[in-house]
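Listed below, chain by chain, are the residues.
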Amino acid sequence: MYGPSASSKSVEAGVFDGRVTTLNVSSSARATVVHPLNETRRALLAEIDNAKFSWFHVKVAFVSGAGFFTDAYDIFAINIVSVMLGFLYGSGGDSDFSRLSSRTLTTAQEIGIKIATPAGVLFGQLLFGWLGDLLGRKRIYGMELMLIIVATFGQTLCAPGIGVSIMGVLTFWRFMMGIGIGGDYPISAVISSEFSSVYIRGRVMTAVFANQGWGQLSATLFSFIIVSAYKHSFLRNDPSSVLHSLDQIWRLVIGLGCIPGAIALYFRLTIPETPRFTMDIERNILKAGRDLNTLLVESEAYTVDPDALNQRIVAREATRHDFRSYFANWENLKILIGTAYSWFALDIAFYGLGLNSSVILGAIGFGSPAKGLAPGAAVYQTLHNASLGNVILSLAGLVPGYWAAFIFIDRWGRKPIQFMGFGVLTIIFLIMGFAYDKMNASESGRGAFVFLYCLANFFQNFGPNTTTFIIPGEVFPTRYRATAHGISAASGKFGAVVAQLAFQWLKDVGGPNKFLDHILEIFAFFMLTGIFSTMLIPETNQKTLEFLSNEDQDDFIQPVPRQPGSHYDHRYLDEFQPSAIKLHVFESDPGSPDSPPARPPTAFSSRGRRKGTTTISMSSHEYLVSPSEFSVAS
């Protein structure tokens, strides 16, 4: 079909349109073959970055968001459940039913059940973040949700035994649940980031993360509803009836967390791999294009060899050497430091407040039971008021904050919102800390304290709690995006662990809850440091993920040269052996099984590829190559 080229060197047998031919590919042509691959990669990335909002984006937000709903529900349900466990298994009242309402968990028990989940989350974020880059987002997406479901159900079956404490078993299951929750953070963040177009990426990721607010609200709301449903049992003041009701209530509150996870599990197991991972890690550009057609332009689905390109090209690989090389660059390392420390500083206050809101509300006398009540009635009023108070906190601050961030995240950008959040929180915590005693001295002062508490919740979510989740999912290259997000998120959960240890051991220094004002001042200090760490982070709004990766994208895919006596990096390819080549004309019969699929138009040609290109299958691996880049001799 085409005449022989003067530059032809090596010869291999091949087939072209059913005829045995000889294909001669020069060493210089190998480099030229790669050029269309880079162009195709850029074209596909442009299609993702400019794709219109579609139902697939809604599906991604729903599937990822359902996990965060479950995560937040399971994490923050312990806020009310720990009070119930204190009545059942705590110290202070012994077996005297008349002192039931004074029973509380010991400091060690409180720390155990509240620190187990953040500790597990920390481990899960590092583990699943690494696995997400090693094995792929799709391959492990859903595994973390199955772990959450099993561990949550395991908590509901906990019971004391002769040789084991129920608090010990419950702590174990909450740690295992935390590992699953930790896996949800990097994988959901990266999937929602890599599937989203530039102009909606912030809102899609915020919509995913905002489900955390609904989960936290649901945990307190269901607690309120279930406690109210058992009101009659508490008011009867029968010891066995009260204790039986308490045992059922905490198991119901925890167990309901399985439901949203079970609903989302199927969709997570069937979500496709992200095109960016398929291109840059699996080296399969054609499959990425076909997946993109199927998902975003409603084309026909195709099944392609998942290893289509990795035997004939060199692309950046996630290795220890490459990881060290990438983060040895200060421009990259400072971003990781900025995202990690910002999350750490935020979670000091976020989890310090979130997991202890019942303690703080009780300390200021907000919703405390009236004196002189029967033990059963006192227990009911304590749980009822604690649940209602947390519902108010969620509705007044937590949930609105997420959706305020949703509205402005793609307008203002990430850094301005994070700066604003840390700045406002510094001021709020300073006021709450230094004016704590004065506000706690009067009814109106306690109302002002609760208002500031709600305002702090609002600016945590309309601020760094949202942006610290989004930014690490955008600023790192595909091969390290999940890992780096996991490192940043794990740094945050380390802050949560520190916050719980410090809160439980410090709050009673000088007397019961006497150190709360200083704890709030400490929170203010960490919010101030978050302002400085934000300076290390670039603005990511309306920028492509490839631009933010701080890597040259023009020649992302490199050819493997093969010159006589030459040596090249064995890490990528040990040998470059020519093999039989089967050629297919691009304009072949559409009904042929070998004919390429139709694709929507792109900026590269009227049919999505450069004009005059031919599809080559090299050892079952497909490439793009122009006719001028090879020669055929009959």
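Remember, predicted model here, so these are calculated numbers, not experimental data.

The subject of this paragraph is the overall build of the protein. A count of helices and strands for the protein gives 24 helices and 8 strands. Across the 634 residues of the protein, 58% fall into the buried class. When contacts within the protein are restricted to residue pairs at least 6 apart in sequence, long-range pairs at least 24 apart make up 81% of them. Entry remark: accessible area of the protein is about 24,900 Å², with carbon and sulfur atoms responsible for 64%.

Here we come to the nonpolar core. Tyr 185, Phe 234, Leu 246, Trp 250 and Phe 429 are the most contacted members of the largest nonpolar core, which has 103 residues in total. Here this core takes 10 residues from helix H17 (residues 375-412), the largest share from any one element. Membership of the second largest hydrophobic core comes to 13 residues, among which are Phe 56, Ile 140, Ile 191 and Leu 295.

Scanning the model with the defined rule gives 19 salt bridges in all. Residues Glu 144 and Arg 268 are paired through a salt bridge, measuring 2.5 Å at the closest nitrogen-oxygen approach. Residue Glu 144 is found in helix H6 (residues 143-156), and its partner Arg 268 is found in helix H11 (residues 258-270); the two are separated by 124 residues along the sequence. Residue Arg 446 is joined to Glu 443 by a salt bridge in which the shortest nitrogen-to-oxygen separation is 2.9 Å. Residue Arg 446 and its partner Glu 443 are both found in helix H20 (residues 443-461); the two are separated by 3 residues, about one turn of the helix. We classify Glu 443 as exposed; its relative accessible area is 60%. One salt-bridge network, held together by shared partners, links Arg 201, Arg 203, Asp 410, Arg 414 and Glu 474.

Buried residues of helix H14 (residues 320-328): Asp 322, Tyr 326 and Phe 327, and no others. The buried residues of H14 occupy one face: seen down the axis, they fall within an arc of 120 degrees. Opposite the buried face of H14, at more than 90 degrees from it, the exposed residues are Arg 320, Arg 324 and Ala 328.

Turning our attention to the side chain of Asp 347. Looking at where Asp 347 falls in the secondary structure, it is placed in helix H15 (residues 330-354). Among the polar contacts listed, one links the side chain of Asp 347 to the side chain of Lys 493, at a separation of 3.0 Å.

Our focus in this paragraph is the confidence of the model for the protein. When pLDDT is averaged across the protein, the result is 79; 77% of the residues are at 70 or more. Between residues 1-27, whose pLDDT stays under 50, and residues either more than four places distant or in other chains, the model counts 60 contacts.

Right, let's get into the environment of Gln 542. Here Gln 542 shows up in the loop between helix H23 (516-534) and helix H24 (545-548). Here the alpha-carbon distance between Gln 542 and Tyr 199, two residues 343 residues apart in the chain, equals 5.6 Å. Once residues lying within four places of it in the same chain are set aside, the contact partners of Gln 542 are Val 198, Tyr 199 and Asp 410.

Between helix H7 (residues 166-195) and helix H22 (residues 481-506), the least distance of the axes is 8 Å, while the angle of their chain directions is 135 degrees. In terms of their interaxial angle, H7 and H22 are classed as oblique. Crossing geometry of H7 relative to H22 is assigned as right-handed. Where H7 approaches H22, its residues Tyr 185, Pro 186, Ala 189, Val 190 and Glu 194 are matched on the opposing element by Arg 481, Ala 482, His 485, Gly 486, Ala 489 and Lys 493.

Spanning 25 residues, H15 covers 35 Å between terminal C-alpha atoms, matching the ideal 36 Å at 1.5 Å per step. Along H15, the sharpest kink reaches roughly 30 degrees, centred on Asp 347. For H15, the buried fraction is high: 19 of the 25 residues fall into the buried class. Among the residues of H15, the N-terminal cap falls to Asn 329, whose side-chain oxygen and the backbone nitrogen of Glu 331 are separated by 3.0 Å.

Next up on the list: a nonpolar patch on the surface. On the surface, a cluster of nonpolar side chains totalling about 510 Å² of accessible area is made up of Phe 62, Ile 259, Ile 263, Tyr 266 and Phe 267. The leading source of residues in the nonpolar patch is H11, at 4 residues. Secondary-structure assignment places Phe 267 in helix H11. The exposure class of Phe 267 is partly exposed, given its relative accessible area of 31%.

Mapped onto the elements of the fold, Asp 410 is located in helix H17. For Asp 410, a relative accessible area of 10% corresponds to the buried category. Looking at Asp 410, its side chain comes within polar contact range of the side chain of Arg 414, at 3.0 Å. Residues contacting Asp 410, with those up to four places away along its chain left out, are Tyr 199, Ile 200, Arg 201, Gly 202, Arg 203, Asn 541 and Gln 542.

What characterises a pair of aromatic rings is the spacing of the ring centres plus the angle enclosed by the ring planes. With the rule as written, the count across this model stands at 35 aromatic pairs. Judged by centre distance (5.1 Å) and plane angle (85 degrees), the ring pair of Phe 458 and Phe 459 falls under edge-to-face. Like Phe 458, the residue Phe 459 is buried in the burial classification. Three or more aromatic residues joined by ring pairs make a cluster, and in this case those are Phe 68, Tyr 185, Phe 209, Trp 343, Tyr 402 and Phe 469.

Their axes nearest at 7 Å, the elements H17 and helix H18 (residues 414-434) cross at an angle of 125 degrees. Relative to H18, the element H17 lies oblique. Of the residues in H18, those in contact with Phe 408, Ile 409, Asp 410 and Trp 412 of H17 are Arg 414, Pro 416, Ile 417 and Met 420. Taken together, the residues of the contact of H17 with H18 break down into 6 nonpolar, no polar and 2 charged.

Along the chain, the position of Gly 433 falls in helix H18. Leaving out residues up to four positions away in the same chain, Gly 433 has contacts with Asp 517, Leu 520 and Glu 521.

Conventions we followed
All residue numbers refer to position in the chain's written sequence, counted from 1. Restriction of local features to residues with pLDDT of at least 70 applies here, the model being predicted, together with a cutoff of 80 or more for giving and counting side-chain atom pairs; totals for whole chains, interfaces and linings are based on all residues. Hydrogens and water are ignored here; the side-chain numbers use all heavy atoms of the structure. Under the DSSP-based scheme used, a helix requires at least four consecutive residues in state H or I and a strand at least two consecutive residues in state E, with every element numbered from the N terminus. Partly exposed residues are those whose accessible area sits between 20% and 50% of the maximum for their type, while under 20% is buried and over 50% is exposed, using a 1.4 Å probe and protein chains only. Contact between two residues is taken to exist if any of their heavy atoms lie within 4.5 Å; hydrogens are not considered. Surface exposure here means Shrake-Rupley accessible area, sampled with a 1.4 Å probe, where a residue is shielded only by the protein chains that are shown. Nonpolar cores are built from buried Ala, Val, Leu, Ile, Met, Phe, Trp, Tyr and Cys residues. Side-chain atoms within 4.5 Å join them into one set. We define a salt bridge as a side-chain nitrogen of Lys or Arg found within 4 Å of a carboxyl oxygen belonging to Asp or Glu. To be clear, the arc concerns the directions from the helix axis to the C-beta atoms. Residues adjacent in sequence count toward polar contacts only when both atoms are side-chain atoms; beyond that, a polar contact is any pair of N or O atoms within 3.5 Å, and within protein one must be able to donate a hydrogen and the other to accept it. pLDDT expresses, on a scale from 0 to 100, how confident the predictor is about each individual residue. Comment: axis = line fitted to C-alpha atoms, over the contacting stretch for helices; angle = value between 0 and 180 degrees taken between N-to-C directions. To sort the angles, those under 35 degrees are grouped as roughly parallel, those over 145 as roughly antiparallel, those from 65 to 115 as roughly perpendicular, and the leftovers as oblique. Crossing handedness follows the turn of the near helix against the far one: under a right angle anticlockwise gives a left-handed crossing, and clockwise gives a right-handed one. Here, expected helix span is obtained from the residue count minus one, scaled by 1.5 Å. One axis fitted to the seven residues ending at a residue, another fitted to the seven starting there: the angle between these axes is the bend at that residue. Each patch is built from salt-bridge-free residues with over 30% relative accessible area, joining like charges within 9 Å and nonpolar side chains (Val, Leu, Ile, Met, Phe, Trp, Tyr) within 5 Å. Classification of ring pairs uses Phe, Tyr and Trp, with its six-membered ring standing for Trp, and accepts pairs whose centres are within 6.5 Å; under 30 degrees between planes counts as stacked, over 60 as edge-to-face, and the remaining range as tilted. Note on residue categories: nonpolar means Ala, Val, Leu, Ile, Met, Phe, Trp, Tyr, Cys or Pro, charged means Asp, Glu, Lys or Arg, and polar means any other residue, Gly included.

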